[in-house]
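Observations on the three-dimensional arrangement
As a plain string of letters, each chain reads:
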Amino acid sequence: TFPQRPSAPAEPPRMQGGIRYYPPQNFGMVEEDLYRSSTPSGVNFPFLDTLKLKTIIYLSADKPPRKLIGFCSEQKIELVRPQAVISRHSTSTLTTLPEEAVIESLNVMLDGRQYPLLVACQLGRHKTGMVIGCLRKIQSWCLSSIFAEYHRYAGGTRLQNEQFIELFDTDLVNVPTTPPPWFKLMREAQRKILARRKQAVNPSPPALLTGGGGGGREGGGGADYKDAGGGTVPPQIITTTATANATTVITTTPAAPATA
């Protein structure tokens with residue numbers, strides 16, 4: 001499921017205990033304790049207090065507002081600004097983020113010690129959307145779902161950003177030893193899916209049906225089964241095959257005779 005994009009430029013106020021809380025523009029929940037938004041202003045600070053943030057990743061090319069710096073200092077929130085944004089992007093006219101800034105942001109976002117965490121840029125649209133899109137790629141989302149979420153928040157498309165997400169190499173991101181809980185659950189689900197696929201490709205070997213009776217073979221001995229007329233039926237190998245229409249076909253073939 002995807003978070004719904006606000007229908008108005010700013011989120012409506014939220015009531016709690018008779019107090020109005022104003023989320024930042026384009027605010028949304030990405031994963032548990034992971035949020036995205038535009039650059040928070042003073043009216044949004046009481047709402048941010050309720051999130052108990054530890055980290056804010058600031059992706060805009062301009063310097064963070066003084067009020068935001070003061071709020072982070074007062075609340076002991078770490079304000080992270082990727083070095084590539086400071087050294088390169090702030091002096092350029094590019095509308096996209098440098099790859100180094102995306103990688104640095106993702107490395108912070110995959111560190112559970114930084115949570116709860118907010119990712120923000122000036123309007124919470126394209127730069128934030130790039131980073132979240134690359135995160136979704138790490139989560140193995142299909143591109144159509146990634147771009148659908150991007151468009152919900154951006155209100156449109158930016159081809160160079162979508163191309164960046166599509167070509168982004170997720171192996172460049174380091175997974176720390178202390179990932180957030182949602183990342184652990186995702187990895188466990190992926191392992192189960194891979195195990196099921198492996199089992200489907202390499203099923204268990206077919207069972208050998210041996211005779212009953214009273215002798216020296218597994219299942220009670222006796223080399224053969226008795227048929228309805230009193231004759232003997234040689235041991236059979238039973239193979240089951242699942243077809244495309246979900247039916248199961250059972251076939252039997254004579255087993256090789258046992259050697260003395």
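Refer to the structure presented above.
One structure accompanies this document, and this report is about it. (Residues numbered from 1 in each chain as written. Predicted model: local features only at pLDDT ≥ 70, side-chain atom pairs only at ≥ 80, totals over all residues. Heavy atoms only, no water.)

Some points on helix α8 (residues 181-201)
Helix length check: α8 (21 residues) gives 31 Å between terminal C-alpha atoms against 30 Å at 1.5 Å per residue, within 8%. Every buried residue of α8 is listed here: W182, F183 and M186. Seen along its axis, α8 keeps its buried residues to an arc of 95°; they face one direction. What points out from α8, more than 90 degrees from its buried face, is the exposed set P181, K184, L185, R196, K198 and Q199. Summarising the contacts, the buried residues of α8 are in contact with β3 (28-31), β4 (34-38), α4 (99-109) and α5 (126-138). (Helix = DSSP H or I, 4+ residues; strand = E, 2+ residues; numbered from the N terminus. Expected span 1.5 Å × (residues − 1). Buried < 20%, exposed > 50% of the residue type's maximum accessible area, 1.4 Å probe, protein only. Arc of directions from axis to C-beta. Contact = heavy atoms within 4.5 Å.)

Description of the sheet that holds strand β7 (residues 117-121)
Across the sheet, which stays open at both edges, the five strands sit in the order β3-β4-β7-β5-β6 with mixed pairing between neighbours. Every other strand in the sheet has two partners, leaving β3 and β6 (78-80) as the edge strands with one partner each. Within the sheet, the average angular offset between the axes of one strand and its neighbour, ignoring direction, is 25°. Judged from the four bridges that link them, strand β5 (residues 55-58) and β7 form a sheet pairing that is parallel. (Pairing = 2+ DSSP bridges. Axes fitted to C-alpha atoms, helices over the stretch in contact; angles between N-to-C directions.)

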